[in-house]
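# Examination of the molecular architecture
What follows is the residue order along each chain.
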Amino acid sequence: MAAKTLYIRPIARMAPTPGAPAGTPRALRVAGRSDLLFAAAELIERDGAEVRRRIVLAEELHASQHPTLEPLLRRRVPIAGLALDRPLVMGVVNVTPDSFSDGGRHLDADAAVAHALRLDAEGADILDIGPESTRPGAEPVDLAEELRRVVPVIEALAPRVRARLAIDTRKAEVMRRAARAGVALINDVSALMHDPEALRAAAETGLPVVLMHAQGDPRTMQDDPRYGDVVLDVYDWLAARIEACAQAGIPRSRLIVDPGIGFGKTLAHNLALLGSVSILHGLGCAVLLGASRKSFIGRLTGAEVDDRLPGSLAAALLGAAQGVQILRVHDVAATRQALAVWEGAQGA
Ligand code: 9MG
């Protein structure tokens, strides 16, 4: 029989109130951030197929000493030397032939480097270098080809950029080679499950790792995905991956969790995850959200992929307001501008 599980979803975000008078009700200070205060939470209890929900005030939660409270409130340690006290921007750099469709191998690498340098100049904190497309329906790329695409790009960028470099791969050998070439972060959309060697390789690099939730493989993942309760199922799946990483020697402080928007999810699943992403702070790790230009924006609005910037910005701000620490985006300058306005208003 499945054990009873409890989850805390912070809600009712409050503006920071410096110098609040004594006796002001306590807020939930999520991930140790003084700008991330919540007045209440949804307390969710799942017992098999039964899910009970109630709203509790922060005061009551503090008094309850609920076991999920400590990881929810714990201050996060920096990741790859980057403090997690404001939303970081991760810029997408695809090194796939379809992303710079000019045919030639050299031209592809040069175009990827030029694009990365532009995103760096626009203020990206992290550049996510991806040699394999993981779009729905995408075919896998073999190891030799992935290495051929990505290693020269990392080597060219490492000495030239301010941003940290991340490798977007599911392959252990690519993780190892990219680490040697200068990346500071591993981003694996299979949460170290695709390659049987990946857990060990990631542990050996000593690098932080993004564990993204996906249901199924990119080729087939959009064929009728199903969940009991998508938000709780994704939470439990990520909790199990954190545990597997701990067993393999990767501590929670080096892990970043990600709900995997668009990876084996319907429109309703994606919207539920986007609206409830604050629940993932209960896992005690930094949270990453990648919603930029994704097809759920097209489904909602009819916008083609190149016209999804407004929807992407809305999703990024929804994430920021729920305390997401890393936003994976295509449009770095526009996201920075949106965040600057949002952050400016927080302190006003
Ligand atoms: C590679 N990639 C594409 N979408 C992504 C997402 O949402 N998260 C992460 N971590 N990687 C992604």
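Calculation notes
- Residues numbered from 1 in each chain as written.
- Predicted model: local features only at pLDDT ≥ 70, side-chain atom pairs only at ≥ 80, totals over all residues.
- Heavy atoms only, no water.
- Helix = DSSP H or I, 4+ residues; strand = E, 2+ residues; numbered from the N terminus.
- Rg over C-alpha atoms; globule rule 2.2 N^0.38 Å.
- Buried < 20%, exposed > 50% of the residue type's maximum accessible area, 1.4 Å probe, protein only.
- Contact = heavy atoms within 4.5 Å.
- Lys, Arg positive; Asp, Glu negative; His and termini not counted.
- Charge placed at Lys NZ, Arg CZ, Asp CG, Glu CD.
- Domains from an automatic or database assignment.
- Buried area = accessible area lost by both parts, 1.4 Å probe.
- Salt bridge = Lys/Arg side-chain N within 4 Å of Asp/Glu carboxyl O.
- Polar contact = N/O pair within 3.5 Å; in protein donor to acceptor, adjacent residues only side chain to side chain.
- Nonpolar A, V, L, I, M, F, W, Y, C, P; charged D, E, K, R; others polar.
- Pairing = 2+ DSSP bridges.
- Near = heavy atom within 4 Å.
- Areas by Shrake-Rupley, 256 points an atom, 1.4 Å probe, with all protein chains shown as cover.
- Axes fitted to C-alpha atoms, helices over the stretch in contact; angles between N-to-C directions.
- Parallel < 35°, antiparallel > 145°, perpendicular 65-115°, else oblique.
- Left-handed = near helix turned anticlockwise from the far one by under 90°.
- Expected span 1.5 Å × (residues − 1).

### Description of the overall build of the chain
When helices and strands are counted, the chain shows 11 helices and 12 strands. Here the C-alpha atoms of the chain give a radius of gyration of 20 Å, agreeing with the 20 Å that 2.2 N^0.38 yields for 348 residues. Dimensions of the chain, computed from the C-alpha atoms along their principal axes, are close to 65 × 50 × 45 Å. The 348 residues of the chain split such that 53% are buried. Look at the contacts in the chain between residues 6 or more apart in sequence, and 71% of them connect residues 24 or more apart. Positive and negative side-chain charges of the chain, numbering 40 and 42 respectively, have mean locations separated by a distance of 4 Å.

### Re the domain arrangement of the chain
By a widespread convention, an interface's size corresponds to the accessible area lost as its parts come together. On domain assignment, one finds that the chain holds domain 1 (5-73) and domain 2 (88-347). Each of domain 1 and domain 2 has a C-alpha centre, and these two points are 28 Å apart. Listed per partner, the contact involves 19 residues of domain 1 and 21 residues of domain 2. Counting each side, the surface lost to burial between domain 1 and domain 2 is near 1,500 Å², with a carbon and sulfur contribution of 55%. Taken together, domain 1 and domain 2 are joined by 3 salt bridges. R46 serves as the salt-bridge partner of D233, at 2.8 Å between the closest nitrogen and oxygen. Remark: the boundary between domain 1 and domain 2 carries 6 residue pairs in polar contact (both at pLDDT 80 or more). Counting only elements with at least two residues in the side of domain 1 that touches domain 2, the list comes to β1 (5-14), β3 (37-47), β4 (50-57) and α2 (69-73). For the side of domain 1 that touches domain 2, the leading source of residues is β1, giving 6 residues. Grouping the amino acids of the side of domain 1 that touches domain 2 by side-chain chemistry returns 12 nonpolar, 2 polar and 5 charged.

### Observations regarding the pairing of strand β5 (residues 88-94)
Buried residues dominate β5, accounting for 6 of its 7 residues. Looking at chain direction, β5 and strand β12 (residues 326-329) are connected through 4 bridges and run parallel. Paired with G91 across the bridge in β12 is V329. Direction of pairing for β5 relative to strand β6 (residues 126-130): parallel, over a ladder of 5 bridges. Within the sheet, the bridge partner assigned to N94 lies in β6 and is G130.

### Overview of the site of the ligand
Residues in close proximity to the ligand include T134, D168, N187, V189, V210, M212, D258, F263, L288, G290, K294 and R328, which together make up its full environment. In this structure, a nitrogen atom belonging to the ligand sits 2.8 Å away from a side-chain N or O atom of N187. A distance of 3.2 Å separates an oxygen atom of the ligand from a polar atom in the backbone of G290. Coverage of the ligand by the protein amounts to 95% of the 310 Å² it exposes when considered alone. Listed by contribution, the elements that provide at least two residues to the shell around the ligand are β9 (209-212) and β11 (286-290). Residue composition of the shell around the ligand, by class: 5 nonpolar, 3 polar and 4 charged.

### Topic: the packing of helix α4 (residues 143-157) against helix α5 (residues 172-181)
Put simply, α4 and α5 touch, their axes get as near as 10 Å, and they point 15 degrees apart. Comparing their axes, α5 and α4 come out roughly parallel. Remark: the crossing between α4 and α5 carries right-handed chirality. Here α4 contributes L143, E146, L147, V150, V151, I154 and E155 to the contact with α5, which in turn contributes E173, V174, R177, A178 and A181. Looking at the contact of α4 with α5 residue by residue, the class counts come to 8 nonpolar, no polar and 4 charged.

### Description of α4
For α4, built from 15 residues, the straight-helix expectation of 21 Å at 1.5 Å per residue is met to within 8% by its first-to-last C-alpha distance of 21 Å. Along α4, the residues classified as buried are E145, E146, L147, R149, V150, V151, V153, I154 and L157. Where α4 starts, the residue carrying a side-chain oxygen 3.3 Å from the main-chain nitrogen of A144 turns out to be D142.

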